[in-house]
Amino acid sequence: MNFPLFIDLKEKKVLIVGAGAIAARRATVLVEFGATVTVVAPEAGSGVQELAQSGRLAWKRHAFGTQDLETLGQSFLVIAATSDPAVNDHIVQLCHERHIPVNHAGDQNQCDFQFPAIVRNDPVVIGVNAGGKDHGLVKRVAAGLREWIARTKF
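Conventions used here
- Residue positions are counted from 1 within each chain, in the order its sequence is given.
- This being a predicted model, a pLDDT of at least 70 is required before a residue's local features are given, and a value of 80 or more before pairs of side-chain atoms are given or counted; all residues contribute to the totals for chains, interfaces and linings.
- Water and hydrogen atoms play no part in the side-chain values, which are based on all heavy atoms of the structure.
- The helix count covers DSSP runs of H or I at least four residues long, the strand count covers runs of E at least two residues long, and both are numbered beginning at the N terminus.
- Note on method: radius of gyration uses C-alpha positions; expected globular size equals 2.2 Å times residues raised to 0.38.
- A simple rule labels every residue: compare its accessible area, found with a 1.4 Å probe on the protein chains alone, to the largest value its type can have, and call it buried under 20%, exposed over 50%, or partly exposed in between.
- His residues and chain termini do not enter the charge count, which takes Lys and Arg as positive and Asp and Glu as negative.
- To locate a charge, take atom NZ for lysine, CZ for arginine, CG for aspartate or CD for glutamate.
- For two strands to pair, DSSP has to find at least two bridges joining them.
- In this analysis an axis means a line fitted to C-alpha atoms, helices contributing only their contacting stretch, and an angle means the value between N-to-C directions, from 0 to 180 degrees.

It is not clear to me how the overall build of the chain should be interpreted in this structure. Could you clarify?
The number of helices and strands found in the chain is five helices and seven strands. Ordering the α and β elements of the chain from the N terminus gives β-α-β-α-β-α-β-α-β-β-β-α. The C-alpha radius of gyration of the chain comes to 16 Å, within 12% of the 15 Å expected for a compact globule of 154 residues. Oriented by its inertia axes, the alpha-carbon framework of the chain measures out at about 50 × 35 × 25 Å. Burial status across the chain gives 34% buried among its 154 residues. Taking the 16 positively charged and 15 negatively charged side chains of the chain as two groups, their mean positions are separated by 8 Å.

Quick question: what am I supposed to make of the sheet that holds strand S5 (residues 102-104) here?
Whether parallel or antiparallel, the strands of a sheet pair through hydrogen bonds between backbone atoms. Strands sit in the order S3-S2-S1-S4-S5 across an open sheet of five strands; the sheet is parallel. The open sheet has two edge strands, strand S3 (58-60) and S5, and neither has a second partner. In this sheet, adjacent strand axes meet at a mean angle of 15° when their direction is disregarded. Pairing between strand S2 (residues 36-40) and S3: three bridges, direction parallel.

Here is the structure:
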């Protein structure tokens with residue numbers, strides 16, 4: 001069981017390797033919470049493209065290389081979200097060597113942290129997580145909380 005921790009991401013560097021649907025969802029949430037996000041991927045889906053075009057993140061259009069961890073400066077967090085499990089595994093290894101918390105989008109067993117479903121109605125933020133085991137349960141609980149929080153006056 002993981003401990004829920006709320007941290008300030010304002011201007012913290014986050015590297016996301018990969019630019020598909022999962023990467024876009026992670027990037028969207030991270031930029032909403034103030035992180036400085038860089039995506040490394042030779043090609044990107046529409047979500048990452050739109051975030052890059054609007055200036056909400058930087059997109060480096062090349063395949064990941066070890067130099068990306070060096071040239072971007074020390075990242076606060078890294079997300080390995082490519083479609084290649086071997087590349088994601090390699091990113092996890094590199095991050096662990098550098099003591100950088102990493103999330104492996106395809107293997108919860110290799111994650112130093114997990115992404116919760118976010119339910120928000122300022123100033124309240126609720127994170128819902130089931131340990132990476134039951135995404136359907138998380139989705140249902142988050143939907144119920146969103147309905148509840150929409151009706152609640154703060």
